[in-house]
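# Fold and contact review
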Amino acid sequence: MRYISTRGQGEPLSFSEAVLTGLARDGGLLMPESFPYVASRLRGWAALSYPELAFEIMRLFIDDVPEDDLRAIVNRSYAGFSVPEVTPVRQVGGVHVLELFHGPTFAFKDVALQFLGNLFEYILRREGREMNIVAATSGDTGSAAIAGVQGREGMRIFVMHPKGRVSQVQERQMTTVLSPNVFNLAVEGSFDDCQNMVKALFGNLSMRDRCHLGAVNSINWARVLAQVVYYFYAAFRAQRGMHAVQPSFSVPTGNFGDVFAGYVAFRMGLPMGKLIIATNENDILARYFMSGTYAVEGVQHTISPSMDIQVASNFERYLYCMADGKAQTVKAWMDTFRKTGALTPGVPNDPIMAAGRCDTARTLATIKKYYEQYGYLLDPHTAVGVNVAESYLEDYKPMICLATAHPAKFSEAILRATGHDLAHHPDLDALLDKPTRSVTLPAETAAVGDYIERTIAR
Ligand SMILES: *Cc1c(COP(=O)(O)O)cnc(C)c1O
């Protein structure tokens, strides 16, 4: 399988090259040349364990890592999850909850980033290369990326987070990691500032080459690929016996990486009812799917901070699919968007896509309801997805709601919703007593670039 940019420039890349490249050199995102169609294999895959299924799906996209090596990378990546199913599915009230938070940092991002850390190490070692990873985080990516690469050879990681705008637990999960290859940058700005600076650093091609920059944000195709797996896995768990069903999925959405992985699963032939994009007050995507206009507004800070994103980087991958792979069209759209802050590709003629918005009051009410009626704690991100899913339940069942974080990561929101301080985990509570390390920097690409160059030179 070869990988090409959504903006059409440059030669096609191998999988390993695509993983190390992260963002395409023309500023676009890398996409596989085609989606393998697997409808005829679903029956045979239904009983596979999580790592077995991950191997079967991934190898369709990866032809430059020998199968035994890929199998070992996959097995190692999921051995550190706290439950043998890796991503269990539980029936809670009228919905199925797909628990994606059993990895080392308690958020779904571990599913992809544990894999990516092992993959980086394997490819860098094979090619005798090194890499300096630059990442932006609204909270969960940073800790999951750090957990994926801390202490590994051949790589450093620089993680920018918006100073004071991630939860205390999230901040401590990052800044208490004192490995010499981990650098936390507290940026005086928003998550979008951080994400823009990552793009700007990658856009500076001479620095990019000089510093061997690498990406772990969901602009990296390997992350999306790892997330495709659990859509299949959950669909098999929601079916009754061997009777396949057509599940719907509700996905708490920020950067559009997770829901795009669901779209890839659909294009590969996984039957689906609806694929629902659930947003908080930062509803640019929900507005787009309802109106056909994608227009930036200011960021609002909510109790689901990992979704406080305006410009969803993976949306470009969806636009590329909508444009039927015409990179010129995507490039023109993105140019307009950069100049005007809006683009109007029209409402997609895509019957599976749906969208909805859930504000803070409804998020809190949903947490309270699921706790009181079913004794189950939803974290605020998951609650957004569950709330939006409820409006589709009449017509679409089974409904699989992606649970993207462990509630203990957001214990303040749980307290506010239920009136009880219920959500704790000993590993997270223990972070409060540990020493931390970070540097504060202004939201200026030059300052961040300079810090990175000086650190590498040391
Ligand atoms: C990152 C994250 C999201 C959003 O996922 P995207 O792939 O960016 O759309 C939702 N919930 C939690 C808890 C997250 O960490």
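Check the entry above for the structure.
Below, the structure is looked at part by part. Owing to the predicted nature of the structure, the values given are computational and were not obtained by experimental measurement. (Residues numbered from 1 in each chain as written. Predicted model: local features only at pLDDT ≥ 70, side-chain atom pairs only at ≥ 80, totals over all residues. Heavy atoms only, no water.)

## Points about the overall build of the chain
If you tally the helices and strands in the chain, you get 19 helices and 15 strands. Against the globule reference of 23 Å for 458 residues, the chain gives a C-alpha radius of gyration of 20 Å, in line with a compact fold. By principal-axis analysis of the C-alpha atoms, the chain measures approximately 55 × 50 × 50 Å. By the burial criterion, 63% of the 458 residues in the chain qualify as buried. When contacts within the chain are restricted to residue pairs at least 6 apart in sequence, those whose partners lie at least 24 apart make up 76%. (Helix = DSSP H or I, 4+ residues; strand = E, 2+ residues; numbered from the N terminus. Rg over C-alpha atoms; globule rule 2.2 N^0.38 Å. Buried < 20%, exposed > 50% of the residue type's maximum accessible area, 1.4 Å probe, protein only. Contact = heavy atoms within 4.5 Å.)

## Here's the deal with the environment of Gly-385
Turning to its location among the elements, Gly-385 is positioned in helix α16 (residues 380–390). Beyond its immediate chain neighbours, meaning those up to four positions away, Gly-385 contacts Ser-250, Pro-252, Ala-278 and Cys-401.

## Side note on the packing of aromatic side chains
Enumeration according to the criterion identifies 25 aromatic pairs in this entry. Centroid distance Phe-260 to Tyr-263: 5.9 Å. Interplanar angle 35 degrees. Geometry classified as tilted. Taken together, the residues span about one helical turn, with Phe-260 and Tyr-263 both in helix α11 (residues 257–267) at a distance of three residues. Grouping residues by exposure puts Phe-260 and Tyr-263 together as buried. Taken together through their ring pairs, the aromatic side chains of Phe-256, Phe-260, Tyr-263, Phe-266, Tyr-288, Phe-289, Tyr-294, Phe-315, Tyr-318 and Phe-337 make up a single cluster. (Phe/Tyr/Trp six-rings, centres within 6.5 Å; stacked < 30°, edge-to-face > 60°.)

## Describing the packing of helix α10 (residues 221–238) against α11
Relative orientation of the contacting elements α10 and α11 amounts to 60 degrees, with a least axis distance of 8 Å. In the packing of α10 onto α11, the handedness of the crossing is right-handed. Every residue of α11 that contacts α10 at Trp-221, Val-224, Gln-227, Val-228, Tyr-230, Tyr-231 and Phe-232 is listed here: Gly-257, Asp-258, Val-259, Phe-260, Ala-261, Gly-262, Val-264 and Ala-265. Considering only residue class, the contact of α10 with α11 consists of 11 nonpolar, three polar and one charged. (Axes fitted to C-alpha atoms, helices over the stretch in contact; angles between N-to-C directions. Left-handed = near helix turned anticlockwise from the far one by under 90°. Nonpolar A, V, L, I, M, F, W, Y, C, P; charged D, E, K, R; others polar.)

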